[in-house]
Amino acid sequence: MIDFARVQKELVECGKDAEGSGIKVTPKSDNLVLLLGTIPGPIGTPYEGGVFKIDITLPEGYPFEPPKMQFSTKVWHPNISSQSGAICLDILKDQWSPALTLKTALLSVQALLSAPQPDDPQDAVVAQQYLKDYQTFVNTARYWTESFAKPTSLGIEDKVQKLMEMGFPEAQVRNILEAVGGDENLALEKLL
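Residues numbered from 1 in each chain as written. Predicted model: local features only at pLDDT ≥ 70, side-chain atom pairs only at ≥ 80, totals over all residues. Heavy atoms only, no water.

Time to look at the UniProt feature "domain: UBA" (unreviewed entry) in the chain. Per the UniProt entry, the sites bearing "domain: UBA" (unreviewed entry) are residues 156-192 in this numbering. Secondary structure content for residues 156-192 is 76% helix and 0% strand, and the end C-alpha separation is 19 Å. (UniProt positions renumbered as here; feature names shortened; annotations may be inferred. Helix = DSSP H or I, 4+ residues; strand = E, 2+ residues; numbered from the N terminus.)

The next thing to look at is the environment of R142. Tracing the backbone shows R142 in helix 5 (residues 134-148). Assessed through its relative accessible area of 39%, R142 is described here as partly exposed. Along the primary structure R142 and E48 are separated by 94 residues, whereas in three dimensions their C-alpha atoms are 8.2 Å apart. (Buried < 20%, exposed > 50% of the residue type's maximum accessible area, 1.4 Å probe, protein only.)

This part is about the UniProt feature "active site" (unreviewed entry) in the chain. As recorded in UniProt, the sites labelled "active site" (unreviewed entry) are C88. Following the sequence through the fold, C88 ends up in the loop between strand 4 (68-71) and helix 3 (102-114). With near-sequence residues (within four places) excluded, C88 lies in contact with N79, K93, L112, D120 and Q122. (Contact = heavy atoms within 4.5 Å.)

Quick look at the sheet that holds strand 3 (residues 51-57) now. As summarised here, the arrangement of the 4 strands in space is 1-2-3-4, forming an open sheet in which the pairing is antiparallel. Because the sheet does not close on itself, it has two edges, and the strands there are strand 1 (24-27) and strand 4. Strand-to-strand twist across the sheet, computed as the mean angle between neighbouring axes with direction ignored, equals 25°. In terms of strand pairing, strand 1 meets strand 2 (residues 34-40) through 4 bridges, oriented antiparallel. The partner of V25 across the bridge, within strand 2, is G37. (Pairing = 2+ DSSP bridges. Axes fitted to C-alpha atoms, helices over the stretch in contact; angles between N-to-C directions.)

Here helix 1 (residues 4-16) is 13 residues long and its end C-alpha atoms lie 19 Å apart, about the 18 Å a rise of 1.5 Å per residue gives. When helix 1 is considered as a whole, its buried residues turn out to be R6, V7, E10, L11 and C14. Looking down the long axis of helix 1, one finds its buried residues gathered within 140° of arc, a one-sided arrangement. Facing away from the buried side of helix 1 by more than 90 degrees, the exposed set consists of A5, K9, G15 and K16. At its buried positions, helix 1 is contacted by helix 2 (18-21), strand 1, strand 2 and helix 3. Its side-chain oxygen 3.3 Å from the backbone nitrogen of A5, D3 forms the N-cap of helix 1. (Expected span 1.5 Å × (residues − 1). Arc of directions from axis to C-beta. Polar contact = N/O pair within 3.5 Å; in protein donor to acceptor, adjacent residues only side chain to side chain.)

This is how it looks when you write it as structure tokens:
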């Protein structure tokens, strides 16, 4: 049985330091089983300046079982699946302890962004690139951060302009882009 009192306490604790750490956890629903974590990309890494969203699902045995975490923001990293967002991190598996919290788990995920472990990869293709062609890895990780973890209003304006040039009305373009979270391709599918 999930200890909801503890979950609420953890959410309050995370909220107190959200400005300083940039780490946030918010409920996705009323039942506190589905949460959304947000972490800033670590300074001095290709992820710097990005804001990464992580879906969190609390299992029935939380806090005695680890939370299930998976990136919803696309990330190019050896220990994170570039396809599904699955995370390869020991504390989210067999090294979990009830003494850990959602915030400490998110801090560990953030630390993983700073210190990839290519010898224990979640994504073998990214791990091989990291080991064999590090500069290409850094450039790709930075590109993915710019593309997927840095939603900017300028980017939205460019997308609005591009879709309007295809003959779609501005109000409709803006509404659909907002509804699909700025995904230009998805917006185009909905407009057609």
